[in-house]
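Residue-level structure breakdown
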Amino acid sequence: MFRTMYDTDVTVWSPQGRLLQVEYAMEAVKQGSACLGIVGSKYVVLAALKRSPHDLAAYQKKLLKIDDHVGVAIAGLNADARTLAKYMRTECLNHKYVFGAPLQASRLLSDVADKHQRCTQTYVRRPYGVGFLVASCDATGPHLYETCPSGNVHEYLAMAIGTRAQSAKTYLEKHHAEFPALELDGLIKHALKALAGCVPSEKELDKHCASIAIVGDGMPLRMLDGDDVQPYLDQIELEGGVPTPEAESKAEGGEPASDRGGGSCSRRSWRRSGTRGR
């Protein structure tokens, strides 16, 4: 993207009807480290690829706990993610204190979408440069949501965001019909196989850069890192390794995954972007 006279402020429309600073914020999400989510019949699994800014630095956390029934995976600016995560935790605590019950995830995400959208209408603020994949399991069942800097919220059966996410999306689109029938271990292995397609070619997916979060019916949010992830990686290796999307498409006589359209396994969406009060 190149600088134009229409991107000096978030409230300035271009002649094509675009808010360029909002699009720049969405580009920051695409440049973030990859993360994905899968919904089963009783569980939701999040998988994230951790980055290390330097060989001597620790890996940055990409999975955050919001409440016992809600967890998020982030792609984009970590500082913006911490601010929004703090807001989400406060909302969950307030609801639990007042009503004595967990906050339903759809209501929480509606408030987060409103917070995103307000930044697209006020010139003194910039849009949040982060996208969330939110896993939750409440009285309505397991859910996976995606938030966007534009203020949109979508619910998915499976979704991936971040750098090289198209490879993971292709894998999820091919196998998403199997997810409702799988137990927890099967969902985790599918998540790691999809995440492996987002790893740079010069690196491999290992226990240091992969992290998993699980939430389900009767199971509070649980994080898996390091040695907890290694058994699943060993099982995948024993089963024949991680299939690449290119190899799968060639075996089926199709075109490479990078040349396909970027569809997704969507359930429904709420729109929160645009101008209000009309």
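Residues numbered from 1 in each chain as written. Predicted model: local features only at pLDDT ≥ 70, side-chain atom pairs only at ≥ 80, totals over all residues. Heavy atoms only, no water.

On to helix α5 (residues 184–196), then. Between its terminal C-alpha atoms α5 stretches 19 Å, which fits the 18 Å expected from 13 residues at 1.5 Å a residue. For α5, the buried fraction is high: twelve of the 13 residues fall into the buried class. Of the positions making up α5, those classed as buried are Leu 184, Gly 186, Leu 187, Ile 188, Lys 189, His 190, Ala 191, Leu 192, Lys 193, Ala 194, Leu 195 and Ala 196. In this fold, the buried residues of α5 make contact with β1 (35–39), β2 (43–49), α4 (165–175), β8 (210–216), β9 (219–225) and α6 (230–238). (Helix = DSSP H or I, 4+ residues; strand = E, 2+ residues; numbered from the N terminus. Expected span 1.5 Å × (residues − 1). Buried < 20%, exposed > 50% of the residue type's maximum accessible area, 1.4 Å probe, protein only. Contact = heavy atoms within 4.5 Å.)

With nine of its nine residues buried, strand β5 (residues 130–138) lies for the most part within the structure. Neither face of β5 is exposed, since Val 130, Phe 132, Val 134, Ser 136 and Asp 138 on one face and Gly 131, Leu 133, Ala 135 and Cys 137 on the opposite face are all buried. Sheet analysis places strand β4 (residues 70–76) next to β5, joined by seven bridges and oriented antiparallel. Bridge pairing links Gly 76 to Val 130 in β5. In this sheet, strand β6 (residues 141–147) lies alongside β5 in antiparallel orientation, the contact comprising six bridges. (Pairing = 2+ DSSP bridges.)

Quick look at the packing of aromatic side chains now. Scanning the model with the defined rule gives zero aromatic pairs in all. Positioned over the ring face of Tyr 87 is Lys 115, at 4.7 Å from the centre of the ring. (Phe/Tyr/Trp six-rings, centres within 6.5 Å; stacked < 30°, edge-to-face > 60°. Lys NZ or Arg CZ within 6 Å of the ring centre and 35° of its normal.)

The final tally for this structure, using the stated rule, is zero disulfides. The thiol sulfur of Cys 198 is not disulfide-bonded, and the nearest other cysteine sulfur, from Cys 35, lies at 9.0 Å. For Cys 198, a relative accessible area of 1% corresponds to the buried category. (Disulfide = S-S within 2.5 Å.)

Structurally, the position occupied by His 116 is in helix α3 (residues 105–118). Among residues more than four places away in sequence, those in contact with His 116 are Leu 84, Tyr 128, Val 130, Thr 147, Cys 148, Pro 149 and Gly 151.

Attention now moves to the environment of Ser 167. Tracing the backbone shows Ser 167 in helix α4. Judged by its relative accessible area of 14%, Ser 167 falls in the buried class. Considering only alpha carbons, one finds Ser 167 and Cys 198, 31 residues apart in sequence, at a separation of 6.4 Å. Within polar-contact distance, the side chain of Ser 167 engages the backbone oxygen of Gly 197 at 3.4 Å. (Polar contact = N/O pair within 3.5 Å; in protein donor to acceptor, adjacent residues only side chain to side chain.)

It is the contact of α5 with α6, at a shortest axis distance of 10 Å, that shows an interaxial angle of 80 degrees. The orientation of α5 relative to α6 falls into the category roughly perpendicular. Residue-level contacts link Asp 185, Ile 188, Lys 189, Leu 192 and Lys 193 of α5 to Tyr 232, Leu 233, Gln 235 and Ile 236 of α6. For the contact of α5 with α6, the class distribution of residues is five nonpolar, one polar and three charged. (Axes fitted to C-alpha atoms, helices over the stretch in contact; angles between N-to-C directions. Parallel < 35°, antiparallel > 145°, perpendicular 65-115°, else oblique. Nonpolar A, V, L, I, M, F, W, Y, C, P; charged D, E, K, R; others polar.)

Once that is clear, we can look at the pattern of salt bridges. Side chains carrying opposite charge are able to pair once their charged atoms draw close together. Under the definition given, this model contains eight salt bridges. Close ionic contact of Lys 96 with Asp 67 constitutes a salt bridge, the shortest N to O distance being 3.2 Å. Highlighted residues: Lys 96 in helix α2 (residues 78–99) and Asp 67 in strand β3 (residues 63–67), separated in sequence by 29 residues. Owing to a relative accessible area of 33%, Lys 96 belongs among the partly exposed residues under this scheme. A relative accessible area of 10% means that Asp 67 is categorised as buried. Arg 126 is the salt-bridge partner of Asp 80, the closest N and O atoms lying 2.9 Å from each other. One end of the pair, Asp 80, is in helix α2; the other, Arg 126, is in the loop between α3 and β5, and 46 residues separate them in sequence. By relative accessible area, which is 8% here, Asp 80 ends up buried. (Salt bridge = Lys/Arg side-chain N within 4 Å of Asp/Glu carboxyl O.)

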